[in-house]
Amino acid sequence: MKIKFFTASLLCIAASFPVAAKVTLVVPQEVELLVADGVKPQLDSSFFASESTIELNDGEHQIAFRYLPVFKQGKDNIIVTSDVIVAKFNASDDALTFQFPNYRDPKAAESFNKSVDWQLINAAGSEVNKVQGKLVHKGVQIGRNYEFEIAQFNTSHNPAALRSTSVTVTTSEMQQQSGDNTAEKMLHYWYKKADKETQIRFENFLSNSH
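Engineer: Any details on the nonpolar core? Residues and values, ideally.
Structural biologist: Residues L25, I63, F65, F98, F100, F112 and W118 are the most contacted members of the largest nonpolar core, which totals 27 residues. Contributing elements (two or more residues each) for this core: β2 (22–28), β3 (31–36), β4 (51–57), β5 (59–67), β8 (85–91) and β9 (94–101). Excluding residues within four positions of it along the chain, L25 makes contact with L33, S52, T53, I54, I63, L96, F98 and L120. The next biggest cluster of nonpolar side chains, apart from the first, holds 11 residues, and it includes L34, V35, V84 and A161.

Engineer: Could you give me a rundown of the sheet that holds β3, with the residues and numbers involved?
Structural biologist: Ordered by their spatial adjacency, four strands build an open sheet running β3-β5-β8-β11, and the pairing between neighbours is antiparallel. The strands lining the two open edges of the sheet, one partner per strand, are β3 and β11 (130–134). Each strand axis lies, on average, 30° off the axis of its neighbour in the sheet, ignoring direction. Bridge count between β3 and β5: five bridges; the pairing is antiparallel. Bridge pairing in β5 links V35 to A64.

Engineer: Before we move on, could you go through unusual backbone geometry and cite the residues and values that matter?
Structural biologist: A positive phi is found at D37, a non-glycine position, where the angle reads about 55°. As for its placement among the helices and strands, D37 is situated in the loop between β3 and β4. Here V116, not a glycine, exhibits a phi torsion of approximately 45°, which is positive. Note on placement: V116 falls in the loop between α3 (112–115) and β10 (119–121).

Engineer: Residue-level account of the environment of A64, with values.
Structural biologist: Topologically, A64 is positioned in strand β5. We classify A64 as buried; its relative accessible area is 1%. Sequence separation between A64 and E147 is 83 residues, and the spatial gap between their C-alpha atoms is 9.5 Å. Ignoring sequence-local partners within four residues, the contact set of A64 consists of E32, L33, L34, V35, V84, I85, V86 and I150.

About the thresholds
- The residue numbers shown here count from 1 along each chain, following its written sequence.
- Reporting of local features is limited, given that this is a predicted model, to residues whose pLDDT is at least 70; pairs of side-chain atoms are given and counted only at 80 or more, and all residues count toward the totals for whole chains, interfaces and linings.
- For the side-chain quantities, the full set of heavy atoms in the structure was used; hydrogens and water were omitted.
- Each nonpolar core is a collection of buried residues, namely Ala, Val, Leu, Ile, Met, Phe, Trp, Tyr and Cys, held together in the definition by side-chain atoms within 4.5 Å.
- Summary of the burial criterion: residues with accessible area below 20% of their type's maximum are buried, those above 50% are exposed, and those between are partly exposed, where the area comes from a 1.4 Å probe applied to protein chains only.
- Note on conventions: DSSP H or I runs of at least 4 residues are helices, E runs of at least 2 residues are strands, and numbering of each starts at the N terminus.
- In this analysis, two residues are considered to be in contact whenever any of their non-hydrogen atoms come within 4.5 Å of each other.
- Any two strands are treated as partners once DSSP identifies two or more bridges connecting them.
- All axes here are fitted lines through C-alpha atoms, helices being fitted over the stretch that makes contact, and every angle between N-to-C directions spans 0 to 180 degrees.

Take it as geometry only, folks, not as evidence of what the structure does.
This is how it looks when you write it as structure tokens:
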């Protein structure tokens, strides 16, 4: 199958690296980057750019994303939405970009969820080793908290789970809680992170659940 390779600006990015070693991830329009190393990413892009970038430190990383290829059918744009893919990889002092199959139509693109065929390519054109899984969410998909879901995912035995991310997400506030109950620590952490209205709704839920 012919491969569509997102390489725009890749050489420029690789050539302009600062002295401090960093990893630059190039994110095309077809990718919705949901979480990077446990938190919602802040992407750098211009208004009309066809891609964005995010800078990461050297070392082990974990990303969660959706693949959203767009197809023109008459006057309409058809978007195919993939499952949420979680990937773990190592990179140092490099520029990485996504590579996906060149699907001919929406029906063909729907096969992505079965084959999950994609790669991360570095500045030298080589494939970066990775392990992957899916962030499965049962029930309503609207308003998902991906940071929370990733924190839960990272307590599992999935090969793509990143133990260091769990520690990062739960540092300071969560580590002050006693005991080894991960779920309890997560509840404390997210309660403190929520706005006042959300806290009140949660308190009402607890009161009415007894």
